[in-house]
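Topology and contacts: notes
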Amino acid sequence: MKKLFIALIALLGVCTSASAQKANFTFGYGGYTLMDACDYHDDLGKVKTAWGALNVGVNFKVLPNFWLGPSYTFSSSQFKHSDIDLYYHVIMLNGRYDYYKNRMVTMYAHVGLGVDITHMDLPNDTRNKGYFAYHIAPIGVDVPLSRSFTLFGEVGFGAQGLLQVGGRVNF
């Protein structure tokens, strides 16, 4: 975990060193995550509630059509017939490629790779467990509302949800 954190800090340092660098802060909500779809809870039972995921991240434009940056995702689940709560903390490195652009819309593909740290709050015990996390969204759409704010939506599968919607603050 410490090596991943140091690698992310080094990557941020490299990305921010260019003076003509563009960046944006991303925030969004995604429904039905990888963690609930792929049993990231060690067969503890059937999921009662899985509300989706809150996502935040920073992206840096490293090439004319390519963005790169880290993100953090939080989600949780509860189970039927038990007092078990799970809290998912996902840290990923994301890449985004803009494959179509005009004045009104930008279409892109998004891939993220990282780690999911699941905190299991069991009746008489708590523990943490790590899992591989990913997100693949082949269809994403940015709609700029102004030079400094953009709305987005994307369809894919992974830790950030099947359908993710949100906004970006552009710098």
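For the structure itself, consult the block above.
Residues numbered from 1 in each chain as written. Predicted model: local features only at pLDDT ≥ 70, side-chain atom pairs only at ≥ 80, totals over all residues. Heavy atoms only, no water.

So, the packing of aromatic side chains
Each aromatic ring pair is described using two quantities: the centre-to-centre distance and the angle formed by the ring planes. Following the criterion strictly, the structure yields 6 aromatic pairs and no others. Seen from their ring centres, F25 and F27 are 6.3 Å apart, and the 35 degrees between their planes marks the pair as tilted. We classify F27 as partly exposed; its relative accessible area is 33%. Through a chain of ring-to-ring contacts, three or more aromatic side chains come together here, namely F25, F27 and F149. Taking the ring centre of Y108 as reference, the NZ or CZ of R96 above it sits at 5.0 Å. Stacked on the ring of F152, the Lys or Arg R168 has its end atom at 4.2 Å from the ring centre. (Phe/Tyr/Trp six-rings, centres within 6.5 Å; stacked < 30°, edge-to-face > 60°. Buried < 20%, exposed > 50% of the residue type's maximum accessible area, 1.4 Å probe, protein only. Lys NZ or Arg CZ within 6 Å of the ring centre and 35° of its normal.)

Digging into a nonpolar patch on the surface
Judged by side-chain polarity, Y32, Y97, Y99, Y100, I139, V155, L162, L163 and V165 come together as a nonpolar surface patch covering roughly 860 Å² of accessible area. Elements with a minimum of two residues in the nonpolar patch: β4 (85–101) and β8 (163–170). Position of Y32 relative to the elements: it lies in the loop between β1 (23–31) and α2 (34–37). (Patch = residues over 30% accessible without salt bridge, like charges linked within 9 Å, V, L, I, M, F, W, Y side chains within 5 Å. Areas by Shrake-Rupley, 256 points an atom, 1.4 Å probe, with all protein chains shown as cover. Salt bridge = Lys/Arg side-chain N within 4 Å of Asp/Glu carboxyl O. Helix = DSSP H or I, 4+ residues; strand = E, 2+ residues; numbered from the N terminus.)

Things to note about the side chain of K61
Locating K61 in the fold gives a position in strand β2 (residues 47–63). Reaching out from K61, the side chain makes a polar contact with the backbone oxygen of P64 at a distance of 3.2 Å. (Polar contact = N/O pair within 3.5 Å; in protein donor to acceptor, adjacent residues only side chain to side chain.)

Considerations on the nonpolar core
If you look at soluble globular proteins, the nonpolar side chains tend to sit buried side by side. M35, L86, V90 and A159 are the most contacted members of the largest nonpolar core, which has 13 residues in total. Counting residues per element, the ones that place at least two in this core are α2, β4, β5 (106–122) and β6 (125–144). Leaving out residues up to four positions away in the same chain, A159 has contacts with T33, L34, M35, A53, T73, V90, M92, A133, Y134 and H135. (Core = buried A, V, L, I, M, F, W, Y, C linked by side-chain atoms within 4.5 Å. Contact = heavy atoms within 4.5 Å.)

A few points about the pattern of salt bridges
Tallying each qualifying case throughout the model produces 3 salt bridges. The residue D142 makes a salt bridge to R96 at a minimum N-O spacing of 3.8 Å. In this pair, D142 is assigned in strand β6 and R96 in strand β4, connecting sequence segments 46 residues apart. The class of R96 is buried, set by a relative accessible area of 6%.

Points about unusual backbone geometry
At Y32, a residue that is not glycine, the phi angle is positive and equals roughly 55 degrees. Residue classification places Y32 among the partly exposed positions, given a relative accessible area of 44%.

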